[in-house]
Amino acid sequence: MLKELDELYRNISCCRKCPLALERINPVRDGGDPGKATVVFVGEAPGANEIKHGIPFAGEAGKKLNHYLAEAGLARSDIYITNVVRCRPTANSGRRNRTPGREIPLCGEWLNRELEIISPGTVVTLGNVALRWLCGKKYGIGDWHGRLIIAPSFSIYPMYHPAAAIYRRDLEDLILSEFRELGRYLGRVGL
Ligand code: URA
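Residue indices begin from 1 for each chain and proceed along its sequence in written order. Thresholds applied to this predicted model are a pLDDT of at least 70 for local features of residues and 80 or more for the giving and counting of side-chain atom pairs; totals over whole chains, interfaces and linings are not thresholded and use all residues. The side-chain quantities take in all heavy atoms of the structure and omit both hydrogens and water.

**Topic: the pattern of salt bridges**
- What counts as a salt bridge is simple: a side-chain nitrogen of Lys or Arg found within 4 Å of a carboxyl oxygen of Asp or Glu. The tally for this structure, following the rule as stated, stands at 11 salt bridges.
- Residue Arg 86 is joined to Glu 114 by a salt bridge in which the shortest nitrogen-to-oxygen separation is 2.7 Å. Separated by 28 residues along the polypeptide, Arg 86 in the loop between β2 (80-83) and β3 (90-91) and Glu 114 in helix α4 (residues 103-118) bring together distant segments of the chain.
- In this scheme, a residue with accessible area under 20% of its type's maximum is buried, one over 50% is exposed, and one in between is partly exposed, where area comes from a 1.4 Å probe on protein chains only. Looking at Arg 86, the relative accessible area reads 4%, which means it is buried.
- By relative accessible area, which is 0% here, Glu 114 ends up buried.
- A salt bridge links Glu 181 to Arg 184, with the shortest nitrogen-to-oxygen separation between them at 3.0 Å. A residue pair is termed a helical-turn pair when its members lie 3 or 4 positions apart in one helix, as Glu 181 and Arg 184 do in helix α8 (residues 172-189) at three residues.
- For Glu 181, a relative accessible area of 29% puts it in the partly exposed group.
- For Arg 184, a relative accessible area of 46% corresponds to the partly exposed category. In this text, helices come from DSSP runs of H or I with a minimum length of four residues, and strands from runs of E with a minimum of two, each type numbered from the N-terminal end.

Written as structure tokens, this is what we have:
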């Protein structure tokens, strides 16, 4: 599996499918052992901190995610984290992050291949971008958070993106209780 992932990441480093490639430094990659992880978390796209450190969820949203994972009884080493989009989508001449758009169908193919290689039992989508890429555009996180979706290759567990609680503090308690429930679910299916 590691060999196939190494090859995938070599291909991602040379990707020229969209203009974000012009600003790419290195693709962000989880340092954990995907062989041990039966659950994969999928975020949206890296931001400045992730690009700097080369690992997903390395900034403020990552601190939130670590806190929620701990509530679920999980450590980062128990799971594998990746993103739908591999380069940092920016606005204002690189000064701020933006939600990815036309990059999604181009980059999403890399995620499909990554999931094929890892073959997880459960995929936890964080936010709308990952949920919609894997389930279709009609799905919205406001309706689907915390509800298990049984898909042909793996189960999909949609969760709010951890950054949502930074902008909407009223979501914090809900997200915490849904991560605790996620932990119980993963315990039942034998993470
Ligand atoms: N937000 C994401 O969706 N992914 C990251 O890797 C970091 C922040």
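And the narrative resumes.
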